[in-house]
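Structure assessment
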Amino acid sequence: MKSALITGVSALALLLAATSASAADDVTGVEELIVYGKGESRQVQALTVEEIQRAAPGSSPIKMVEKLPGVNFQAADAFGAYEWSTRISIRAFNQNQLGFTLDGVPLGDMSYGNHNGLHISRAIATEDLAGVELAQGSGALSVASTSNLGGALKFTSRTPSADLGADVGVTAGSSSMLRIFLRADTGELPGGGRGSISYADQKADKWKGQGEQKQKQIDLKFVQPIGDFTITAFYNYSERRENDYQDLSLDMISRLGSDWDNNTGRWAEAVQIARAYQNASNYAGPNPILDGNGCYTGSGANPYPGKVKCVDDTYYDAAGLRDDTLWALTAAGPVAGIDLTATVYGHTNDGQGIWYTPYVASPNNNVPGATSQNAPISTRTTEYTIDRMGLILGAAFDLGDHRISAGGWLESNEFSQSRRFYGQDLASPSSSLSFFSGPFRTQWSGDFETDTRTFYLEDTWTVSDQLKVNFGFKSVSVESSTVTVVGSPVINGSITSEESFLPQAGFTWAFSDDSELFASYAKNMRAFAAARTGLSPFATTQPGFDAIQGKLQPETSQTFEGGWRYRSGRFQGVAALYYVKFDDRLIGTSAGAGIVGSPTILSNAGSVTAQGFEAAGTFELNDDWSLFGSYAYNDSTYDDDIRNAAGVVTQTISGKTTVDSPQHLLNGEVSFDRDGWFAALNVHYVSERYFTYTNDKSVPSTTTADLSFGYRFQGAGLTEGLEIQANVTNLTDEDYVSTMGSNGFGYSGDSQTLLTAAPRQAFITVRKRF
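Notes on the structure in this doc start here. Predicted, not measured: the structure shown is a model, and the values here were computed from it. For every chain, the first residue of its written sequence is number 1, and the numbers climb from 1 along that sequence. Since the coordinates come from a predicted model, pLDDT governs what is reported: local features require at least 70, and pairs of side-chain atoms require 80 or more to be given and counted, while whole-chain, interface and lining totals use all residues. To get the side-chain values, all heavy atoms of the structure are used, and hydrogens and water are removed first.

**Section: the overall build of the protein chain**
Looking only at helices and strands, the protein chain features six helices and 39 strands. Only the C-alpha atoms count toward the radius of gyration. The rule for a globule is 2.2 Å times the residue count to the power 0.38. Taking 770 residues into account, the globule formula puts the C-alpha radius of gyration at 27 Å, and the protein chain, at 26 Å, falls close to it. Once the C-alpha set of the protein chain is aligned to its principal axes, its extents read approximately 85 × 65 × 60 Å. Considering only intrachain contacts with a sequence separation of at least 6, the fraction spanning at least 24 residues in the protein chain is 68%. Calculation of accessible area relied on Shrake-Rupley with a 1.4 Å probe; when residues are assessed, cover is drawn exclusively from the protein chains displayed. Taken as a whole, the protein chain presents about 29800 Å² of accessible surface, with 56% of it coming from carbon and sulfur. The secondary structure listing takes helices from DSSP runs of H or I that are at least 4 residues long and strands from runs of E that are at least 2 residues long, numbered from the N terminus. Only heavy atoms matter for contacts: two residues are in contact if any of them lie within 4.5 Å across the pair.

Given below as structure tokens:
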């Protein structure tokens, strides 16, 4: 770890040395692929559309920010789009504690089986993005989020072109991947408006095991000027179908290999496993064949096939199905010297999380059209519907040297969630990539209603040409209620997350046009999740809910950060320090394998302290070659031990490093662009990460590399606007654990909550602009 820190500091020193050496060069500026947030009192960077286009088409927009300082991104697929595995953490806050918006529209907390939004990879096609802005410490007061404890990601869509035209792109490569992207721009119409429509269709096999991951997307956008106002509307539709990878433990990786997966396609083997587990005689006698966890004890013949020793070693199949529509209508313009914006939006979702469970047998005579007896396996689903609408208002005006801004956000969200079981025929299983209907059992079904209200007020005061100060606050109130429709455990009630004063303040001091200091303070709150699964106060029993109601506190954070932005000649960069106090951390405890979904007991577990250093810089060696580097050091530890209701310590974790929080993150990139040829090589280092609160289990550090290169054809004719690009992910073919916490984190010991990364994969893209 120390060597990584030395390497990072040395890299920054080299960049600064190169800066002074090139300061005398007569250079007007640096290519803006990464923007370092000039004028912001917070730590902020943004990626431009040119940087986004370097990634393989279909890549998650979240994956694109992994090169920025402080970002730990992990996924089990090459694109970072497989939602069950996609994880991002920033300064020890995970994605459920960050904020996400698209053109200002809230996307919720980016959790799997989201109760209040949708994943960005479903919200918009990659090719339709114009930029991504990351605030590592705290989003702006105007960000429409109630999960923004530790930062925010703001995604912006492309504005329709003023010229009539079309884009066509085809990507193909490893794992039978094929992506087709089509986009048409109307150009400027007689009334001044302009529109665009795009279609994306992507299919790929899983890189291990058997199954598919596919998605279709349609994005529409229209911009119409009306006097001094601009009206912007978008409508995006997504249809996603993806088979899951098997969750692993360290023991499974050692015993079965990192390429171990579900036994999809081997139905007879899956049936054998389920029958062995369900056979009560295996538990009889003084030397049972299986233990209480369904694992082979070594007594007698192993009833499981091949290398399988536990019922949870491999499942027949699992999948995630999601259909989403997201739309928004925005009006922006001045009225009597006041800049006004108003956005009304809506989002609907239908989803099923599918698992072929060996724990529950299909009942006899339940499968329509069955040709034989029913299987000892059934399909368990977690089913979702979301119907939310919201309104975002903003106003800003100048009052002397002061820029006053105020606004608010209202949202009404109706969310339903159900746990159901569907029968399977012994002769052959049904497809996991189609929505199931006709359940033989509904374990539980609940309706949730969440009303969100926020208000903010801020003053940005230009004290002098050098000094600018901002201060303001946000008020947040989120009320959630639930009613059990059917099944058990029955739970009814409501809970409120509320903070009337969440302050934010900061300043920037400009020594010159190219050098400034910045500092800020922000307090934020994360509202309780409203669902029957995950880290939610409703994911329990009625007595459990009654016990925490009125006592459970929402998570809050206080962030202090400051730094220096500098630009000279061919160099620009930033260095920052931060200190974060995270209070009323929520933990949930449950029994059994994570996928089983046992009721959770939620409680506050004290605080976390995080402090660290971040630096990033871009240096143009000449007109053709460019270097980028970023380094982040994070020291994040638990402040308190875990205590039960009586105050007795049950787990000693004080002083331990927070889970999935690498101390060192290091990125280096060299890029080339000349006469149509372009290339970029990125190297990414992540230090050791723990997946238990006591730090007794971890995965080692890893270094990976990605390569992109291609050619933009020059001149007119058929080759005008033609481009060919190649992307190679995991260039050195590293075998490592990427995602951790897929089934949560334990206090100690190994657990089935890991996913391994995809091996080296390559993709070729051909684009043409007409």
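Moving on from the coordinates now.
**Overview of the pairing of strand E27 (residues 608–620)**
Classification of residues uses two cut-offs on accessible area relative to the type maximum, computed with a 1.4 Å probe and protein chains only: under 20% is buried, over 50% is exposed, and between them is partly exposed. Burial analysis of E27 places 11 of its 13 residues in the buried class, which makes it a mostly covered element. For two strands to be treated as a pair, DSSP must find at least two bridges joining them. Of the strand pairs in this sheet, strand E24 (residues 571–583) and E27 are connected by 12 bridges, and their pairing is antiparallel. What sits directly across from Gln572, in E27, is Thr618. Where E27 and strand E28 (residues 625–638) come together, 13 bridges link them in antiparallel fashion. Paired with Gly617 across the strands is Gly629, a residue of E28.

**Some thoughts on the state of the cysteines**
The rule for a disulfide is simple: a pair of cysteine sulfur atoms within 2.5 Å. Following the criterion strictly, the structure yields one disulfide and no others. Between Cys295 and Cys310 runs a disulfide, and the two sulfur atoms are separated by 2.0 Å. Its S-S torsion of approximately 115 degrees makes the covalent link between Cys295 and Cys310 right-handed. Taken as a pair, Cys295 in the loop between helix H5 (267–278) and strand E15 (318–335) and Cys310 in the loop between H5 and E15 lie far apart in primary sequence, 15 residues in all. Given a relative accessible area of 13%, Cys310 falls into the buried group.

**Looking at a negative patch on the surface**
A cluster of acidic side chains, namely Asp387, Glu414, Asp447, Glu449 and Glu479, defines a negative patch on the protein surface. The topology assignment puts Asp447 in strand E19 (residues 441–462). For patches, a residue must show more than 30% relative accessible area and have no salt bridge; joins then use 9 Å for like charges and 5 Å for nonpolar side chains, namely Val, Leu, Ile, Met, Phe, Trp and Tyr. We define a salt bridge as a side-chain nitrogen of Lys or Arg found within 4 Å of a carboxyl oxygen belonging to Asp or Glu. By the counting rule applied here, Lys and Arg register as positive and Asp and Glu as negative, while His and the ends of each chain are not counted. A charge is said to be at NZ when it belongs to Lys, at CZ for Arg, at CG for Asp and at CD for Glu.

**Quick word on the packing of aromatic side chains**
For any pair of aromatic rings, the description rests on two quantities: the centre-to-centre distance and the angle between the ring planes. Aromatic pairs are defined between Phe, Tyr and Trp rings, using the six-membered ring for Trp, whenever the two ring centres lie within 6.5 Å; interplanar angles under 30 degrees are classed as stacked, those over 60 as edge-to-face, and all others as tilted. Taken as a whole and judged by the stated rule, the model has 27 aromatic pairs. Relative to Phe436, the ring of Tyr356 lies with its centre 6.5 Å away and its plane at 75 degrees, an arrangement referred to as edge-to-face. Taken together, the positions of Tyr356 in strand E16 (residues 338–357) and Phe436 in the loop between strand E18 (402–425) and E19 put the pair 80 residues apart, joining distant regions of the chain. What makes Tyr356 buried here is its relative accessible area of 1%. Grouped by ring-pair contacts, the aromatic residues Trp267, Tyr316, Tyr356, Tyr422 and Phe436 constitute a single cluster. A positively charged side chain is recorded as over a ring if its NZ (Lys) or CZ (Arg) lies within 6 Å of the ring centre. The angle to the ring normal must also be within 35 degrees. Above the plane of the ring of Trp444 lies Arg532, whose end atom (NZ or CZ) is 4.9 Å from the centre.

**Thoughts on the pattern of salt bridges**
Two side chains with opposite charge may pair up if their charged atoms get near one another. Using the criterion set out here, one finds 41 salt bridges in the structure. For Arg403, the salt bridge identified is with Asp398, shortest N-O distance 3.2 Å. For Asp398, a relative accessible area of 54% translates into the label exposed. Overlapping salt bridges, with partners in common, bring together Asp128, Arg158, Asp167, Arg183, Asp185 and Arg769 in one network.

**Structural notes on the sheet that holds strand E3 (residues 71–74)**
Taken together, the three strands give an open sheet; going across it, the order is E3-E4-E5, and neighbouring strands pair in antiparallel fashion. Unpaired on one side and paired on the other, E3 and strand E5 (93–94) mark the two borders of the sheet. Where E3 lies against strand E4 (residues 87–90), four bridges are found, and the strand directions are antiparallel. Paired with Val71 across the bridge in E4 is Ile90.

**Topic: the side chain of Gln95**
Within the secondary structure, Gln95 sits in the loop between E5 and strand E6 (99–102). Residues in contact with Gln95, not counting those within four places in the same chain, are Thr86, Arg87, Ile88, Phe100, Asp109 and Met110.

**Thoughts on the nonpolar core**
Among the nonpolar cores identified, the biggest contains 55 residues, and Ile88, Phe100, Leu107 and Phe155 are the most heavily contacted of them. A per-element tally of this core places E24 first, with five residues. Beyond its immediate chain neighbours, meaning those up to four positions away, Phe155 contacts Pro61, Ile62, Phe100, Thr101, Leu102, Asp103, Ile120, Leu129, Gly131 and Val132. Side-chain atoms within 4.5 Å link the members of a nonpolar core, which is a set of buried Ala, Val, Leu, Ile, Met, Phe, Trp, Tyr and Cys residues. With 15 residues, the next largest nonpolar core counts Tyr384, Ile386, Phe528 and Ile548 among its residues.

**With respect to H5**
Each turn of an α-helix holds 3.6 residues, which means side chains three or four residues apart point in the same direction. Counted at 1.5 Å a residue, the expected span for H5 with its 12 residues is 16 Å, and the 16 Å between its end C-alpha atoms agrees. Turning to H5, its buried residues number three or more, namely Trp267, Ala270, Val271, Ile273, Ala274, Ala276 and Tyr277. Against E16, strand E17 (374–399) and E18 lie the buried residues of H5. A helix is expected to span 1.5 Å multiplied by its residue count minus one.

**Details of the sheet that holds E6**
Across a sheet, strands are paired by hydrogen bonds formed along the backbone, either parallel or antiparallel in direction. On the basis of which strands lie adjacent, the open sheet formed by six strands has the order E1-E2-E8-E9-E6-E7 and mixed pairing. Two strands bound the open sheet, and with one partner strand each, they are strand E1 (34–35) and strand E7 (105–106). Across six bridges, the pairing between strand E8 (residues 129–135) and strand E9 (residues 152–157) is antiparallel. Along E9, the bridge assignment pairs Gly131 with Thr156.

**Here's the deal with the environment of Glu479**
Topologically, Glu479 is positioned in strand E20 (residues 467–487). The class of Glu479 is partly exposed, set by a relative accessible area of 37%. Distance from Glu479 to Gly562, taken between C-alpha atoms, is 34 Å for residues 83 residues apart in sequence. Residues within four places of Glu479 in sequence aside, it is in contact with Glu449, Thr450, Asp451, Ile495 and Thr496.

**Quick notes on the environment of Gln224**
With respect to the helices and strands, the residue Gln224 is situated in strand E13 (residues 212–226). Taking the C-alpha atoms as reference, Gln224 lies 37 Å from Thr618; in sequence the two are 394 residues apart. Engagement of the side chain of Gln224 in a polar contact is seen with the backbone oxygen of Gly191, the distance being 2.9 Å. Pairs of N or O atoms are called polar contacts if they sit within 3.5 Å, as long as, within protein, a hydrogen donor faces a hydrogen acceptor (for residues adjacent in sequence, only side-chain-to-side-chain pairs).

**Structural notes on the environment of Phe415**
Here Phe415 is to be found in strand E18. With relative accessibility at 2%, the residue Phe415 sits in the buried group. Along the backbone, Phe415 and Ile386 are 29 residues apart, and their C-alpha atoms lie at a distance of 4.7 Å. If we skip the residues at most four places from it in the chain, Phe415 touches Asn114, His115, Tyr384, Thr385, Ile386, Gly446, Asp447, Phe448, Ala530 and Ala531.

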